[in-house]
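Here's the letter readout for the chains.
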Amino acid sequence: DAKTTQPPSMDCAEGRAANLPCNHSTISGNEYVYWYRQIHSQGPQYIIHGLKNNETNEMASLIITEDRKSSTLILPHATLRDTAVYYCIRPPSGNEKLTFGTGTRLTIIP
Amino acid sequence: DARVTQTPRHKVTEMGQEVTMRCQPILGHNTVFWYRQTMMQGLELLAYFRNRAPLDDSGMPKDRFSAEMPDATLATLKIQPSEPRDSAVYFCASGSTGWYQETQYFGPGTRLLVL
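**Let's talk about the interface of chain A and chain B**
Facing 18 residues of chain A, the contacting portion of chain B comprises 17 residues. Between chain A and chain B the total buried area reaches about 1500 Å² when both faces are included, carbon and sulfur atoms providing 54% of it. Applying the counting criterion to the chain A and chain B interface returns three residue pairs in polar contact (both at pLDDT 80 or more). Elements that contribute at least two residues to the side of chain A that touches chain B include exactly β3 (33-38) and β4 (45-50) of chain A.

**Remarks on the nonpolar core**
With 22 residues, the main nonpolar core has Trp34, Leu77 and Tyr90 of chain B as its most contacted residues. Listed by contribution, the elements that provide at least two residues to this core are β3 (19-24), β4 (31-38), β5 (42-50), β7 (65-71), β8 (74-79), β9 (88-95) and β11 (110-114) of chain B. By size, the runner-up hydrophobic cluster in this structure holds 20 residues, among which are Ile47, Ile64, Leu73 and Cys88 of chain A.

**Some points on a nonpolar patch on the surface**
A cluster of nonpolar side chains, contributed by Val12, Leu113 and Leu115 of chain B, occupies part of the molecular surface with about 290 Å² of accessible area. With respect to the element layout, leucine 115 of chain B can be found in the segment after β11.

**Comments concerning the environment of glycine 95 of chain B**
Residues and elements named next belong to chain B. With respect to the helices and strands, glycine 95 occurs in strand β9. On the basis of relative accessible area, glycine 95 is assigned to the buried category, the value being 0%. Spatially, the C-alpha atom of glycine 95 lies 6.5 Å from that of valine 32, the residues being 63 residues apart in sequence. Contact partners of glycine 95, with chain neighbours within four places excluded, come to His29, Asn30, Thr31, Glu102 and Thr103.

**Here's the deal with the side chain of aspartate 82 of chain A**
Residues and elements named next belong to chain A. Turning to its location among the elements, aspartate 82 is positioned in the loop between β7 (70-75) and β8 (84-89). On the accessibility criterion, aspartate 82 (12% relative accessible area) is buried. Not counting chain neighbours up to four residues away, the residues in contact with aspartate 82 comprise Arg37, Leu75, His77, Leu106 and Ile108.

**Considerations on the side chain of serine 82 of chain B**
Residues and elements named next belong to chain B. By the secondary structure assignment, serine 82 is in the loop between β8 and β9. Residue class for serine 82 comes out buried when judged on its relative accessible area of 1%. At a separation of 3.5 Å, a polar atom in the side chain of serine 82 contacts the main-chain carbonyl oxygen of glutamate 14. Setting aside chain neighbours within four positions, we find serine 82 in contact with Thr13, Glu14, Met15, Gly16, Gln17, Val19, Arg64 and Val114.

**A closer look at the environment of threonine 99 of chain A**
Note on placement: threonine 99 of chain A falls in the loop between β8 and β9 (104-109). Distance in space between the C-alpha atoms of threonine 99 of chain A and threonine 4 of chain A is 9.8 Å, their sequence separation being 95 residues.

**Let's talk about the state of the cysteines**
Residue and element names in this part refer to chain A. Under the counting rule described, the total for this entry stands at two disulfides over all chains. A sulfur-sulfur distance of 2.0 Å marks the disulfide that ties cysteine 22 to cysteine 88. An S-S torsion of about -75° defines the bridge between cysteine 22 and cysteine 88 as left-handed. Highlighted residues: cysteine 22 in strand β2 (residues 18-23) and cysteine 88 in strand β8, separated in sequence by 66 residues. Cysteine 88 shares its class with cysteine 22; the two are buried. With no disulfide partner, cysteine 12 has as its closest neighbouring cysteine sulfur the one in cysteine 22, 18 Å distant. On the accessibility criterion, cysteine 12 (9% relative accessible area) is buried.

Here is what the cut-offs are and how they apply
Residues numbered from 1 in each chain as written. Chains lettered and ligands numbered in written order. Predicted model: local features only at pLDDT ≥ 70, side-chain atom pairs only at ≥ 80, totals over all residues. Heavy atoms only, no water. Contact = heavy atoms within 4.5 Å. Buried area = accessible area lost by both parts, 1.4 Å probe. Polar contact = N/O pair within 3.5 Å; in protein donor to acceptor, adjacent residues only side chain to side chain. Helix = DSSP H or I, 4+ residues; strand = E, 2+ residues; numbered from the N terminus. Core = buried A, V, L, I, M, F, W, Y, C linked by side-chain atoms within 4.5 Å. Buried < 20%, exposed > 50% of the residue type's maximum accessible area, 1.4 Å probe, protein only. Patch = residues over 30% accessible without salt bridge, like charges linked within 9 Å, V, L, I, M, F, W, Y side chains within 5 Å. Areas by Shrake-Rupley, 256 points an atom, 1.4 Å probe, with all protein chains shown as cover. Salt bridge = Lys/Arg side-chain N within 4 Å of Asp/Glu carboxyl O. Disulfide = S-S within 2.5 Å.

Next up, the structure:
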């Protein structure tokens, strides 16, 4: 039972907003949602996290639905350097292990 | 610009040899994570330290893998003896709050190939 569900791949035109969805329908009230990305041949990079309010930083915006069952990461003006695998993760609970899943492979098209 | 550093960046070795990977967490961070990434399994958590004490190493094959933190500035992951199936990229990450529910800062990884 995956803790988060993401589409395997997406394309976005350069300069447009990239909207990456994540489903986390079983999230509990005190669990944050974290987003990381991994550019080819590099280590994962933290992007943003949130609990219930929408969040924005210099990299992206995170929109969390009111019921907290899903969220969307928004890269407002995508560049070619944003091509990467994007991971939406939740912390584990109980004896679960922290996993990154397979993420969404985002390709920015020139 | 504080970063996690890992050495070596690349390692090619023969089956049966000992492999030691090193990680220097960001100064002041008290949490260290070791991950392994392969095409088949993705990114897997191997071990997790808080304040130099191992809190969870259930992801590691105990018979051949060991992880330690000799001091607050050095974490090591050893494989002895190494096997071809250990070929992967090994990432170290550090954090400052001491739990899974925190921001992790990853190093560049050690690319291991066991022949």
